[in-house]
Amino acid sequence: EDQVTQSPEALRLQEGESSSLNCSYTVSGLRGLFWYRQDPGKGPEFLFTLYSAGEEKEKERLKATLTKKESFLHITAPKPEDSATYLCAVQAGNYGQNFVFGPGTRLSVLP
Amino acid sequence: DTEVTQTPKHLVMGMTNKKSLKCEQHMGHRAMYWYKQKAKKPPELMFVYSYEKLSINESVPSRFSPECPNSSLLNLHLHALQPEDSALYLCASSQEVLAGGTQETQYFGPGTRLLVL
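Residues numbered from 1 in each chain as written. Chains lettered and ligands numbered in written order. Predicted model: local features only at pLDDT ≥ 70, side-chain atom pairs only at ≥ 80, totals over all residues. Heavy atoms only, no water.

(A) Quick peek at the overall build of chain B. For chain B, the count of helices and strands is zero helices and 11 strands. The helix and strand sequence of chain B, counted from the amino end, reads β-β-β-β-β-β-β-β-β-β-β. At 14 Å, chain B has a C-alpha radius of gyration in line with the 13 Å of a compact globule built from 117 residues. In terms of principal-axis extent, the alpha carbons of chain B reach across some 40 × 30 × 30 Å. Out of the 117 residues in chain B, the part that is buried amounts to 47%. Considering only contacts within chain B whose residues lie at least 6 apart along the sequence, 56% involve residues at least 24 apart. (Helix = DSSP H or I, 4+ residues; strand = E, 2+ residues; numbered from the N terminus. Rg over C-alpha atoms; globule rule 2.2 N^0.38 Å. Buried < 20%, exposed > 50% of the residue type's maximum accessible area, 1.4 Å probe, protein only. Contact = heavy atoms within 4.5 Å.)

Shown next as structure tokens:
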């Protein structure tokens with residue numbers, strides 16, 4: 001069974017304090033790994049798609065990396081507006097038919 | 001433009017009511033999805049439509065009935081819901097779902113907050 005876990009469950013950072021969020025997966029045939037940001041009561045906002053181990057993508061203060069077993073979302077010098085829940089999801093299966101979300105990491109950045 | 005719109009934003013209904021949620025995208029995407037999300041939980045997939053045909057139904061109760069009138073529209077018809085069905089209902093779309101191929105990124109709408117009394 002395809003599984004996705006994320007750690008930590010919650011993270012509190014001071015403004016400017018860099019850190020990383022982890023997404024670990026156990027799937028049969030990874031087709032893609034996706035990172036989303038979600039604010040309370042709103043739909044997930046797409047951040048990155050990663051397809052193969054070694055791939056990296058950056059957007060502003062965020063950088064996503066992928067290995068064969070996990071992905072990291074690095075946040076450099078975060079600001080309070082980066083506070084949100086960060087979700088990772090994987091697409092897997094022989095036909096890419098499985099799309100599974102992890103439980104998310106709730107990030108709070110304090111001014 | 002990566003916009004998916006959903007209406008209404010909020011919905012309150014009784015257990016005997018019939019209501020519908022609507023989703024629309026104009027990105028030319030051929031796959032559309034319904035998700036249910038409870039508070040502090042990740043989205044759970046309910047239905048997938050690919051080229052206007054239902055391709056995945058994740059064992060959802062029959063009180064939820066999806067409909068895809070055309071490639072831009074997706075409806076979710078609700079009937080005889082239970083209070084535990086209260087949740088945020090999210091619609092998403094992607095370029096397409098290819099058999100044996102790579103699924104494109106899913107783009108989500110803002111959701112409909114549903115409360116069943």
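(B) Up close: unusual backbone geometry. The peptide bond linking A:Ser7 to A:Pro8 adopts the cis configuration, its omega dihedral lying at -5°. Along the chain, the position of A:Pro8 falls in the loop between strand 1 (3–7) and strand 2 (10–14). B:Pro8 follows B:Thr7 through a cis peptide bond whose omega is -10°. Along the chain, B:Pro8 turns up in the loop between strand 1 (4–7) and strand 2 (10–13). Non-glycine residue A:Ala77 carries a positive phi angle of around 45°. Mapped onto the fold, A:Ala77 is located in the loop between strand 8 (70–75) and strand 9 (84–92). Overall, A:Ala77 belongs to the partly exposed group, its relative accessible area being 35%. Non-glycine residue B:Ser59 carries a positive phi angle of around 55°. Mapped onto the elements, B:Ser59 comes out in the loop between strand 6 (53–57) and strand 7 (64–70).

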